[in-house]
Amino acid sequence: MDRQGALAGLRSALGAFARTHVAGADRWCVGLSGGADSLALTAVAAGLRPTTALIVDHRLQAGSAAVAATAREQALALGCVEAHVLGVDVGTGGGPEAAARAARYRALADARGDAPVLLAHTLDDQAETVLLGLGRGSGARSIAGMRAHDPPWCRPLLGVRRAVTRRACEELGVTPWQDPHNRDPRFTRVRLRSEVLPLLEDVLGGGVAEALARTAAALREDNDALDAAAAGILAAAPGGSGEGGAGPDVAALVALPDAVRRRVLRGWLLAGGATGLTDTQIRAVDALVTHWRGQGGVAVPGGRERERLFAGRRDGRLTLYREPV
């Protein structure tokens, strides 16, 4: 895309996404921060379908209400039919970045009604997400990055570089908000963006962000195929539907390839009420199958108030049970 073609390129990307994923939606919402990515997406979205801008005020910085109010005015000027500011209270779970993200997604989910929500994540965001997953060693699911369509969330700009959205804002004549958090080196993603990715681009001769995004896409295809195979096995397995009674047969699980077995275990745990499972926790449950020495149950997240959820093994089958805290 040349300098004059940024908006046209974004329209093409969003139009192709819409035809493939949300052709039946007669309206949509867009998550608007006021930054260049979301301003450019808002402008293009409002030109294609009736669009409601949802502006989340995290209330973490002085003047955040004024920033949100400006974003609302810009959304209406760009053609949105509605624009709403959503104030949220950000907790502390998982660190500041994760807590803000959780609060933001909850607010967007509550405000969207039945409309899909467009999010302005770019190819650069995808590359950063893949690097974060690599650094955490949390398995292929994490390295596979963000999905373009994960209803109700829609990310039509995952193939677009951040520089394009900035040029689009210049073409529109709008001034994006410069979030000071995006320059604060206390945040891991900021250091990836400003230090790690530029160094990789220099050492490897360029094209790193695009290569990371291609890696994510390839891994998502592999994950989807393995997940589908695991879901079929779990559905056909006696006792494979979650908490209570006898669970999956250990002998049948042992015969499965490692990657499929762990996905079967993940599906079984989720069906039984587990939440937020990590690769480490799934592997610990897998050890009940592959390295059984009479050990006790494995605690997994998903317990209710004053209870903990455990996966255990009894009489040749896995089982889920709860114990008081």
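Just so you know, these numbers come straight off a predicted model, no measurement behind them.

## Here we look at the packing of aromatic side chains
A complete count under the given rule lists 2 aromatic pairs for this structure. Ring geometry for Phe310 against Tyr321: centres 5.5 Å apart, planes inclined by 10°, an arrangement best described as stacked. Here Tyr321 lies in strand E9 (residues 317-324) and Phe310 lies in strand E8 (residues 307-314), a separation of 11 residues in the sequence.

## Some details on the UniProt feature "domain: tRNA(Ile)-lysidine synthase substrate-binding" (unreviewed entry) in the chain
In the numbering used here, UniProt assigns the feature "domain: tRNA(Ile)-lysidine synthase substrate-binding" (unreviewed entry) to residues 249-318. Secondary structure within residues 249-318 divides into 44% helix and 19% strand; the distance between the first and last C-alpha atoms comes to 7 Å.

## What about the sheet that holds strand E7 (residues 298-300)?
Working definition: the strands of a sheet are paired by backbone hydrogen bonds and lie parallel or antiparallel to each other. Pairing is antiparallel across the open sheet formed by 3 strands, whose spatial order is E7-E8-E9. Among the strands making up the open sheet, the edge pair consists of E7 and E9. With direction set aside, neighbouring strand axes in the sheet form an average angle of 35°. The sheet contacts of helix H11 (residues 258-271) involve E7, E8 and E9, and relative to E9 the element is tilted by about 40°. Sheet contacts for helix H12 (residues 279-290): E7, E8 and E9; angle to E8, the most-contacted strand, approximately 25°.

## Comments concerning the domain arrangement of the chain
Taken domain by domain, the chain consists of domain 1 (6-216) and domain 2 (237-324). One C-alpha centre belongs to domain 1, the other to domain 2, and the line joining them spans 36 Å.

## Examining the UniProt feature "binding site: ATP" (unreviewed entry) in the chain
Under the present numbering, the feature "binding site: ATP" (unreviewed entry) in UniProt falls on Ser33, Gly34, Gly35, Ala36, Asp37 and Ser38. Tracing the sequence through the fold places Gly34 in the loop between strand E1 (28-31) and helix H2 (36-48). Residue class for Gly34 comes out buried when judged on its relative accessible area of 1%. Setting aside residues up to four positions removed in sequence, Gly34 forms contacts with Leu39, Ala71, Pro176 and Trp177. Topologically, Ala36 is positioned in helix H2. A residue is classified by how much of its surface remains accessible, and Ala36, at 14% relative accessible area, is buried. Among residues more than four places away in sequence, those in contact with Ala36 are Thr165, Arg166, Cys169 and Pro176.

## Focus: the packing of helix H5 (residues 123-136) against helix H9 (residues 208-236)
At a closest axis distance of 8 Å, the pairing of H5 and H9 adopts a crossing angle of 70°. As far as their axial angle goes, H9 and H5 are roughly perpendicular. The hand of the H5/H9 crossing is left-handed. Taken together, the residues of H9 that come into contact with H5 (itself represented by Leu123, Gln126, Ala127, Val130 and Leu131) are Ala209, Glu210, Leu212, Ala213, Ala216 and Arg220. In terms of residue class, the contact of H5 with H9 is made up of 8 nonpolar, 1 polar and 2 charged.

About the cut-offs
Residues numbered from 1 in each chain as written. Predicted model: local features only at pLDDT ≥ 70, side-chain atom pairs only at ≥ 80, totals over all residues. Heavy atoms only, no water. Phe/Tyr/Trp six-rings, centres within 6.5 Å; stacked < 30°, edge-to-face > 60°. Helix = DSSP H or I, 4+ residues; strand = E, 2+ residues; numbered from the N terminus. UniProt positions renumbered as here; feature names shortened; annotations may be inferred. Pairing = 2+ DSSP bridges. Axes fitted to C-alpha atoms, helices over the stretch in contact; angles between N-to-C directions. Contact = heavy atoms within 4.5 Å. Domains from an automatic or database assignment. Buried < 20%, exposed > 50% of the residue type's maximum accessible area, 1.4 Å probe, protein only. Parallel < 35°, antiparallel > 145°, perpendicular 65-115°, else oblique. Left-handed = near helix turned anticlockwise from the far one by under 90°. Nonpolar A, V, L, I, M, F, W, Y, C, P; charged D, E, K, R; others polar.

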